[in-house]
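Chain residues, written in single-letter form:
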Amino acid sequence: MAFGLNEEVEARLVKSQPWSFEQGPFSKQALPSLNKSDWALLLQGMEANHPAAAKALS
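Rules behind the numbers
Residues numbered from 1 in each chain as written. Predicted model: local features only at pLDDT ≥ 70, side-chain atom pairs only at ≥ 80, totals over all residues. Heavy atoms only, no water. Pairing = 2+ DSSP bridges. Helix = DSSP H or I, 4+ residues; strand = E, 2+ residues; numbered from the N terminus. Buried < 20%, exposed > 50% of the residue type's maximum accessible area, 1.4 Å probe, protein only. Polar contact = N/O pair within 3.5 Å; in protein donor to acceptor, adjacent residues only side chain to side chain. Contact = heavy atoms within 4.5 Å. Axes fitted to C-alpha atoms, helices over the stretch in contact; angles between N-to-C directions.

Asks: Looking at this structure, I do not really get the pairing of strand 1 (residues 10–16). What am I missing?
Replies: When a strand is regular, its side chains alternate between the sheet's two faces. As paired strands, strand 1 and strand 3 (residues 39–44) are joined by six bridges and run antiparallel to one another. Bridged to Glu-10 within strand 3 is Gln-44. Counted between consecutive antiparallel strands, the loop separating strand 1 from strand 2 (residues 19–23) contains two residues.

Below you can see the structure in the form of structure tokens.
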């Protein structure tokens, strides 16, 4: 499952260079490269959609 692309998962993309805030879902092309360090993808309620996340939080 690609988080941030699923409409059931509330996602936010925060960038710091320049500062910006966007709400998802996002296409793969909208996400910055993993090599960049000036952004974060925030996922709300991930444990409800991904068993490994639920296990990590228990």
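Picking up where we left off.
Asks: Would you mind showing me how to read the side chain of Arg-12 here?
Replies: Position of Arg-12 relative to the elements: it lies in strand 1. Residue Arg-12 is classed as buried on the basis of its relative accessible area, which comes to 18%. Within the structure, the side chain of Arg-12 is placed 2.4 Å from the side chain of Glu-10, a separation counted as a polar contact. If we ignore the near neighbours within four places in the chain, the residues touching Arg-12 are Phe-21, Glu-22, Gln-23, Phe-26, Ala-40, Leu-41, Leu-42 and Gln-44.

Asks: Just checking my understanding: could you explain the sheet that holds strand 3 for this structure?
Replies: Pairing between the strands of a sheet comes from backbone hydrogen bonds, and it takes one of two forms, parallel or antiparallel. With antiparallel pairing, three strands are arranged side by side in an open sheet as 2-1-3. What marks the edges here is a single partner per strand, and that holds for strand 2 and strand 3. Within the sheet, the average angular offset between the axes of one strand and its neighbour, ignoring direction, is 15 degrees. Relative to strand 2, strand 1 runs antiparallel, the two sharing five bridges. If you follow Leu-13 over to strand 2, its bridge partner there is Glu-22.

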